Amino acid sequence: MMITKPSITSLEEIADSLSTEERALFQRIYTVTTTIGELRIPPSMQPWVRQQFGSAEAVTKQKIVRVTNMVTYEEALFNRLRASRPIGVRDKNSIDAQLQQANEDDLFRYPLDDTPEDLFGRVVGKHCVTASNIAKYDGLHSLVIFNDFNPLHFSREQVIDYIDVGWEWAKRARAMKPQAKYFFFIWNCLWRAGASIDHGHAQVTLTSDRHYAKIEGLRHAALSYRQNYGSNYFADLFQV
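Residues numbered from 1 in each chain as written. Predicted model: local features only at pLDDT ≥ 70, side-chain atom pairs only at ≥ 80, totals over all residues. Heavy atoms only, no water.

**Things to note about the packing of aromatic side chains**
- Within this structure, the stated rule accounts for 12 aromatic pairs.
- Consider the rings of F146 and Y162, whose centres lie 3.7 Å apart with planes at 5 degrees: the pair is stacked. Residue F146 is located in strand β5 (residues 140–146), and its partner Y162 is located in helix α7 (residues 156–176); the two are separated by 16 residues in the primary sequence.
- For F146, a relative accessible area of 3% gives the class buried.
- Measuring from centroid to centroid gives 5.7 Å for Y162 and W187, while their planes differ by 85 degrees, and the two rings are edge-to-face. Taken together, the residues span a long stretch of sequence, with Y162 in helix α7 and W187 in the loop between β6 (180–186) and β7 (201–208) at a distance of 25 residues.
- A relative accessible area of 1% means that Y162 is categorised as buried.
- Relative accessible area serves as the criterion here: at 29%, W187 is assigned to the partly exposed category.
- The structure contains a cluster of three or more aromatic residues connected by ring pairs, namely F146, F154, Y162 and W187. (Phe/Tyr/Trp six-rings, centres within 6.5 Å; stacked < 30°, edge-to-face > 60°. Helix = DSSP H or I, 4+ residues; strand = E, 2+ residues; numbered from the N terminus. Buried < 20%, exposed > 50% of the residue type's maximum accessible area, 1.4 Å probe, protein only.)

Shown next, in the form of structure tokens:
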């Protein structure tokens with residue numbers, strides 16, 4: 001098979017088109033998998049989606065490519081749509097001033113109307129609600145949107161609710177796709193942690209085949225530690 005325009009989105013096909021020897025060498029080091037992320041867009045959100053991404057069809061089914069170096073446990077996930085995400089402009093004002101300004105144009109103010117939902121619906125907690133990520137970096141990738149806008153204001157009770165809702169989302173996602181069983185909860189608070197939206201939120205993903213590479217590498221390191229010392233690495237690290 002001839003690939004006329006090589007790109008990340010066709011990497012799996014490119015690898016398959018290699019000669020037997022070249023493909024074996026590639027697969028000795030790299031694993032490439034592709035998945036499709038799906039979501040539902042509420043009618044009230046469709047005009048914004050068309051303006052931001054070109055069409056509603058562009059986001060309802062998204063192709064994600066996952067590339068893993070199985071030797072070094074480095075990994076990248078690519079979705080072309082993520083380059084079109086809305087990203088706020090930062091200035092030199094204080095964090096409080098920036099948050100106050102962002103609150104006036106809050107994209108997550110009405111999540112039921114202004115965010116997409118997963119095919120299995122939403123999980124609603126006491127202090128948060130889930131939404132499907134508009135530009136996914138894995139096939140099952142959603143948000144836990146906090147009821148409180150300010151990402152720096154949270155209580156112990158709220159944190160517990162965020163994690164409980166994320167875990168319930170993972171169970172529902174796996175019921176829809178049983179082979180996806182590796183859960184990851186990410187709380188990237190504000191722009192220095194990579195958040196493109198200021199409104200308080202966490203992210204949840206569920207992937208197949210194996211843990212994400214950094215976690216898988218940590219798991220292997222812990223197994224090696226147990227073989228070498230007959231002890232649990234995490235318990236020893238905590239004690240140290």
